[in-house]
Amino acid sequence: MGHRDVSGDDVIRSTVGPTRAARGAQVAVMVDGVERVAWLGEPLIEVINRAQVPLAQVCYHEQLGPIQSCDTCAVEIDGVVGRACGTPVRAGMVVRTQTNAARAAQRDAYDRIVANHDLYCTVCDNNNGNCTVHNTLGVLGIDHQNRPFQPKGYEKDMSNPFYRYDPDQCILCGRCVEACQNVQVNETLSINWEAEQPRVLWDGGKPIGESSCVSCGHCVTVCPCNALQEKSMLGEAGLFTGIPLPVWNAAIDVVKGVEASSGLKPIMNVSEIESAARDRYIKKTKTVCTYCGVGCSFDVWTDERHILKVEPGLGHANGISTCVKGKFGWDYVNSEDRLTSPLIRDGDRFREATWDEALALVARRFTEIRAAKGPDALAFVASSKASNEEAFLVQKFARQVIGTNNVDNCSRYCQSPASKGLSLTVGIGGDSGTIKDIENASLVITVGSNTAESHPVLATRVKRAQKLGRTRVIVFDIREHELARRADEFHRPNPGTDFVWLAAVSKFILDNGLEDKTFLAERVNGLEEFRASIEEYTLERAERETGLSAATLEALARRIAGEERVCILWAMGVTQQCGGTDTSAAISNLLLITGNYGRLGTGAYPLRGHNNVQGASDMGAQPDAVSGYQKIDDPLAVQRHEREWGIQLRPERGLDNTQMIDAAIRGELRAMWITGEEMSLTDANANHLQEGFEALEFLVVQDLYFTNTARFADVVLPAAASLEKEGTFTNTERRIQRLYEVMPPLKGTKPDWQIYTAVAERMGHRWGYTHPAQIMDEIARLTPFFAGVSYDRLEGYDTLCWPVAEDGTDQPLLYTERFNFPDGKARLYAGEYRPRQQAPNDQFDLHLNSGRMLEHFHEGNMTFRVAGIAAKAPDAFVEISPELAAERNIQSGHWARLVSEHGAVRLQVLVTGRVSGNQVFVPMNARKAEDAVNRLTGSQGDATTNTPAYKDTRVRLDVLHDVGPNPLPATNPRWGHPTPQDGVEVERKWARPDYVFPGGLLPMHGDSLNARADALGADD
């Protein structure tokens, strides 16, 4: 099969935030007497905005597209007044924005808006210079409000822990509804346009806290006034907003009373002075989220250490989007149990110590152990939540200061098999494109990925593309999560059998001549060897092994082969198996034989779980490679490091995370330094890991809190949180982004890079860093993939996707011309099926699955310290299927003990159709260390990378006598009932008998509707 070239204007164009519709041909239009360049079919308002012509536009938002509910953007188009946002560009248009008719319509529309809005800007928490309603008043120059404000008769909704809705401030613009329905695609919000007094509804009229609202914050971010506002802002943002409520109400009355006699302008002048005064104490700092690997970036508003709000908008990966954790999950930074002093073990207790004493002890003990046992008696673990610069220093410390390659990071627990599988087939172990490519695919396949909960903002892009008809979605997973419910096709293969159906589908495509013959001939090696390796994987064998019918797999093969642009996403359901590397390579093989690399909307996407798990590996925190995946025995890498560091890199592979523990138990590894990783709960076979920690002679743990891992330490060092330092993170799409210091480090804490620099100095290596930018400069000198990376090129919201050439040219989309092998060709990999080692048996009759929840991150060390999140999801539980519950007479709330060959945990039962048959699911997060799921998992792992096979565990369920309430509270959004609709459905507003276009004129409805559909990306 062949593919047409898909690039440029043939596809949905990319902007910050969600993708927008393709631009048509370039045309010319006249705007206020000046000829302007435009693109056929784009919203006229975008032409006007590019020309920087001032025009009111309350409901329009570039990332939402035309909503057409406010009418304030009325302009004269070829002599007829219409909405600029809802009118698609036509060649030769003549547009006038300031005619009497247009101005009258704009002012009339605004007057209707403020009749819905209780104006008290001077004392409003949202008077921060970015209130659209306030600023539009200045654009229009209105002196008096003609229609008096009429209360709507609804109470404020304060039921959500993070934000509130005030109907009396709501202008019914619909931005929040559009964001919820068509950007986040949670489909919770709507407007009851047919009601006598419309308002925004959650689940058709439920309190927010009892609805399907996932607290993603999209609605709050796009609200153009103070109707939706963060609770952390209330009474905190303004000069006057902290005054007692009676005085506050009186102040509002005074403000509104003065307006009647003096007009709005004097009041607005005072409010602007007050708003400007806020800039002296409200700090707005750009940072990057420290939860999953999507890499959302945003401004954090603070008043000293009080976090007022998170304001997204300009981030390349997210735009206006966030999830509950990124928008509201930052209380952990100011948690009362932050470590604020180094701790040194004194017998069975810890005592506080000075930094000098603690750092000197670390340097002395490392020096002694290295002298007595050699450099390989020490090992180092970098943090996937620390910066690139800090991960780089961990491996530099190991290799330069100590002289060992015993260094690793947490990608060993999740992503190493995906990286290895891709490096074997296409040469680079990272995403082959960006989130924009995923949005632009005609078919998205996910394998073993609970994308909507583990990577929420990335999932919104998939859900949006599917809802708007641009993308079909096929999900392979053993558990029915949100994306599985939404998918066009959802398939439940038997656990651990993904390699089989991937091989069978690939064989069918090749056997039936459906492959991309030109692509294979020109760009791929190893076809015949690959054919031979999958010869036995017939559809019939796959049906027996996977439980998926041969007819289903044949239809899938034909669909993949016939699609124009295919992206495959996968995560821990693939990588945490005994055959994680081989299955990852099998995914890449399937993409190669169908030509789905190197074009927009195609490629392989192993979704990175932690915010900087990609960066930790990029920076060389692994046992066989330095930064940029340069092998430790590569002659050029050796030369570079000898020149820069003055040492000869050792060519022997070091120990990885799992090998470190075994070496400690054997007495070969004597000391470890663990930075920001809760290894005691996240490594498999937690009891075995505890034995390894106890065998160590000296353990240093560096973290924000006294974690469960810190209990085993000899020295605990208090680290600074990401909001308290500068550096860079690299997200799942290889995008490097700067973060800035939002607040100074908490007294008594230090950034990781300063701690490593200080210990290195005490061991005779004067690194001399005074700012992370200097570390990045060193990374660039040593690393071809990062040659052109500098802080200047990453200023503000500027980003780079590695590889980055010396001139700063980056590569968001890989493999457009060549693959990363000497001959430029990809390599089909002849993998091997590695079935489960721990399939259920008579004694342990259930298959254990584990994973993340939307609300929490990993073990919960950060998110359990956010009260609002903890209230929504208080603890771990075990999901069992309705059929298993009926068979064993179990109900939700029952306490049960899960037992494996390796350990046992006590959890409450949740009966749900998300799991089936004899499979059970346990979230990774648990309040108590003794309940962590990894007390159940064993030591078997991926044969190539040693990644633990967490998903290959069998257990039994012992029902206990105790019964409690449902472990998932009634306030959890999973109990809600969304109300899907096309968006704001503004046509219903226009159909109201009391609706008249401003000024009594007739708008151009027909063109408006077409423009909105085009802008949102609907089919032509």
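Residues numbered from 1 in each chain as written. Predicted model: local features only at pLDDT ≥ 70, side-chain atom pairs only at ≥ 80, totals over all residues. Heavy atoms only, no water.

Caption draft 1: Examining the overall build of the protein chain more closely. Helix and strand content of the protein chain: 33 helices and 37 strands. Projected onto the principal axes, the alpha-carbon positions of the protein chain cover approximately 85 × 70 × 65 Å. Here the protein chain holds 1020 residues, and 65% of them are scored as buried. Long-range pairs, those at least 24 residues apart, make up 74% of the contacts in the protein chain between residues at least 6 apart in sequence. As displayed, the protein chain offers around 34300 Å² of accessible surface, 49% of which is attributable to carbon and sulfur atoms. Across the protein chain, the mean location of the 107 positive side-chain charges is 1 Å away from that of the 133 negative side-chain charges. (Helix = DSSP H or I, 4+ residues; strand = E, 2+ residues; numbered from the N terminus. Buried < 20%, exposed > 50% of the residue type's maximum accessible area, 1.4 Å probe, protein only. Contact = heavy atoms within 4.5 Å. Areas by Shrake-Rupley, 256 points an atom, 1.4 Å probe, with all protein chains shown as cover. Lys, Arg positive; Asp, Glu negative; His and termini not counted. Charge placed at Lys NZ, Arg CZ, Asp CG, Glu CD.)

Caption draft 2: Region of interest: the nonpolar core. Of all hydrophobic cores here, the largest spans 115 residues; its most connected members are Phe366, Phe380, Phe397, Tyr597 and Trp673. Ranked by the residues each element gives to this core, the list is headed by helix α16 (residues 498-511), at 10 residues. Aside from chain neighbours lying at most four places away, what touches phenylalanine 380 is Phe366, Val394, Phe397, Ala398, Ile402, Thr404, Asn406, Val407, Asp408, Met660 and Trp673. Core analysis: the next-biggest nonpolar cluster, separate from the first, contains 61 residues, Leu137, Tyr163, Cys180 and Leu228 among them. (Core = buried A, V, L, I, M, F, W, Y, C linked by side-chain atoms within 4.5 Å.)

Caption draft 3: Looking closely at the packing of aromatic side chains. The tally for this structure, following the rule as stated, stands at 31 aromatic pairs. Where phenylalanine 366 meets phenylalanine 380, the ring centres are 5.8 Å apart and the plane angle is 85°; that geometry is what we call edge-to-face. With a gap of 14 residues between them, phenylalanine 366 in helix α9 (residues 355-373) and phenylalanine 380 in strand β15 (residues 378-381) connect regions that are remote in the sequence. Taking relative accessible area as the criterion, phenylalanine 380 reaches 0% and is therefore assigned buried. (Phe/Tyr/Trp six-rings, centres within 6.5 Å; stacked < 30°, edge-to-face > 60°.)

Caption draft 4: How the structure looks around the pairing of strand β17 (residues 443-447). Across the 5 residues that make up β17, a large majority, 5, are buried. Residue alternation in β17 divides its side chains into two sets, Leu443, Ile445 and Val447 and Val444 and Thr446, and both sets are buried. Examined bridge by bridge, β17 and strand β18 (residues 472-476) share 5 bridges and lie parallel to one another. The partner of isoleucine 445 across the bridge, within β18, is isoleucine 474. Both β17 and strand β21 (residues 566-570) contribute to a ladder of 5 bridges, which runs parallel. For threonine 446, the partnering residue across the bridge sits in β21 and is leucine 569. (Pairing = 2+ DSSP bridges.)

Caption draft 5: Structural detail: the pairing of β18. Most of β18 is tucked away, with 4 of its 5 residues classed as buried. The pairing of β18 with strand β19 (residues 489-491) spans 3 bridges and is classified as parallel. Looking at the pairing, phenylalanine 476 lines up with histidine 491 of β19.

Caption draft 6: Layout of the state of the cysteines. Counted according to the given criterion, the structure contains 0 disulfides. No disulfide involves cysteine 219; its sulfur sits 6.0 Å from that of cysteine 213, the nearest cysteine. Here cysteine 219 falls in the buried class, since its relative accessible area comes to 8%. Of all cysteine sulfurs, the one in cysteine 296 lies closest to cysteine 289, which takes part in no disulfide; the gap is 6.0 Å. (Disulfide = S-S within 2.5 Å.)

Caption draft 7: Main features of unusual backbone geometry. With omega at 5°, the peptide bond leading from tryptophan 802 into proline 803 counts as cis. With respect to the helices and strands, proline 803 occurs in the loop between β30 (800-801) and β31 (826-827). Although it is not a glycine, tyrosine 629 adopts a positive phi angle of roughly 60°. Along the polypeptide, tyrosine 629 turns up in the loop between β23 (625-626) and β24 (630-631). In this structure, glutamate 985 is a non-glycine residue whose phi angle is positive, near 55°. Here glutamate 985 lies in the loop between β37 (953-963) and α32 (987-990).

Caption draft 8: Looking closely at the environment of threonine 971. Topologically, threonine 971 is positioned in the loop between β37 and α32. Take threonine 971: its relative accessible area is 33%, and that puts it in the partly exposed class. Residues threonine 971 and histidine 144, spaced 827 residues apart in sequence, show a C-alpha to C-alpha distance of 44 Å. Those residues within four positions of threonine 971 in sequence are excluded, and the remaining contacts are Gly209, Ala871 and Lys872.

Caption draft 9: A look at the sheet that holds strand β11 (residues 297-303). The strand order across the open sheet formed by 3 strands is β10-β11-β12, and the pairing between neighbours is antiparallel. Strands with a single pairing partner mark the edges of an open sheet, and in this sheet they are β10 (283-288) and β12 (306-312). For this sheet, the mean inter-axis angle between neighbouring strands, taken without regard to orientation, is 30°. With 6 bridges connecting them, β10 and β11 associate as antiparallel partners. Considered in β11, the bridge of lysine 283 is made with threonine 302. (Axes fitted to C-alpha atoms, helices over the stretch in contact; angles between N-to-C directions.)

Caption draft 10: Molecular detail of the packing of helix α11 (residues 416-425) against helix α22 (residues 580-593). In the contact formed by α11 and α22, the axes pass within 7 Å of each other and the chain directions differ by 45°. Put simply, α11 runs oblique to α22. Where α11 crosses over α22, the two elements pack in a sense that is right-handed. Residues Pro417, Ala418, Lys420, Gly421, Leu422, Leu424 and Thr425 of α11 pack against Gly580, Thr581, Ser584, Ala585, Ser588, Asn589 and Leu592 of α22. When the residues that make up the contact of α11 with α22 are grouped by side-chain class, the tally is 6 nonpolar, 7 polar and 1 charged. (Parallel < 35°, antiparallel > 145°, perpendicular 65-115°, else oblique. Left-handed = near helix turned anticlockwise from the far one by under 90°. Nonpolar A, V, L, I, M, F, W, Y, C, P; charged D, E, K, R; others polar.)

Caption draft 11: Seen up close, the pattern of salt bridges. In this structure the tally under the stated criterion is 60 salt bridges. Here arginine 906 ties to aspartate 962 by a salt bridge, and the two come within 3.1 Å at their closest N and O atoms. Separated by 56 residues along the polypeptide, arginine 906 in strand β35 (residues 904-911) and aspartate 962 in strand β37 bring together distant segments of the chain. The class for arginine 906 is partly exposed, based on a relative accessible area of 30%. (Salt bridge = Lys/Arg side-chain N within 4 Å of Asp/Glu carboxyl O.)

Caption draft 12: Molecular detail of the side chain of histidine 858. As for its placement among the helices and strands, histidine 858 is situated in the loop between β32 (846-851) and α30 (867-872). Setting aside residues up to four positions removed in sequence, histidine 858 forms contacts with His610, Thr682, Arg852, Met924 and Asn925.

Caption draft 13: Representation of the confidence of the model for the protein chain in the model. In the predicted model, the protein chain carries a mean pLDDT of 92, and the fraction of residues at 70 or more is 95%. Contacts from residues 1004-1020, a stretch scored under 50 in pLDDT, to residues over four places away or in other chains number 46 contacts. (pLDDT = per-residue confidence, 0-100.)

Caption draft 14: Spotlight on helix α4 (residues 175-183). With 9 of 9 residues buried, α4 is to be regarded as a mostly interior element. Among all positions in α4, only Arg175, Cys176, Val177, Glu178, Ala179, Cys180, Gln181, Asn182 and Val183 are buried. Immediately beyond the C-terminal end of α4, within one or two residues, lies valine 185, with a positive phi of roughly 55°.

Caption draft 15: Spatial organisation of the environment of threonine 497. With respect to the helices and strands, the residue threonine 497 is situated in the loop between β19 and α16. On the basis of relative accessible area, threonine 497 is assigned to the buried category, the value being 3%. In this structure the C-alpha to C-alpha distance between threonine 497 and valine 566, which are 69 residues apart in sequence, comes to 21 Å. A distance of 2.6 Å separates a polar side-chain atom of threonine 497 from the backbone oxygen of asparagine 494. (Polar contact = N/O pair within 3.5 Å; in protein donor to acceptor, adjacent residues only side chain to side chain.)

Caption draft 16: Representation of the sheet that holds strand β22 (residues 603-606) within the structure. Spatially, β19-β18-β17-β21-β22 is the arrangement adopted by the 5 strands of the open sheet, whose pairing is parallel. The outermost strands of the open sheet, each flanked by one partner alone, are β19 and β22. Between one strand and the next, the sheet's axes are offset by a mean angle of 15°, whatever the strand orientation. Each of β17, β18, β19 and β21 is contacted by helix α20 (residues 550-562), which is oriented at about 140° to β18, the strand it contacts most.

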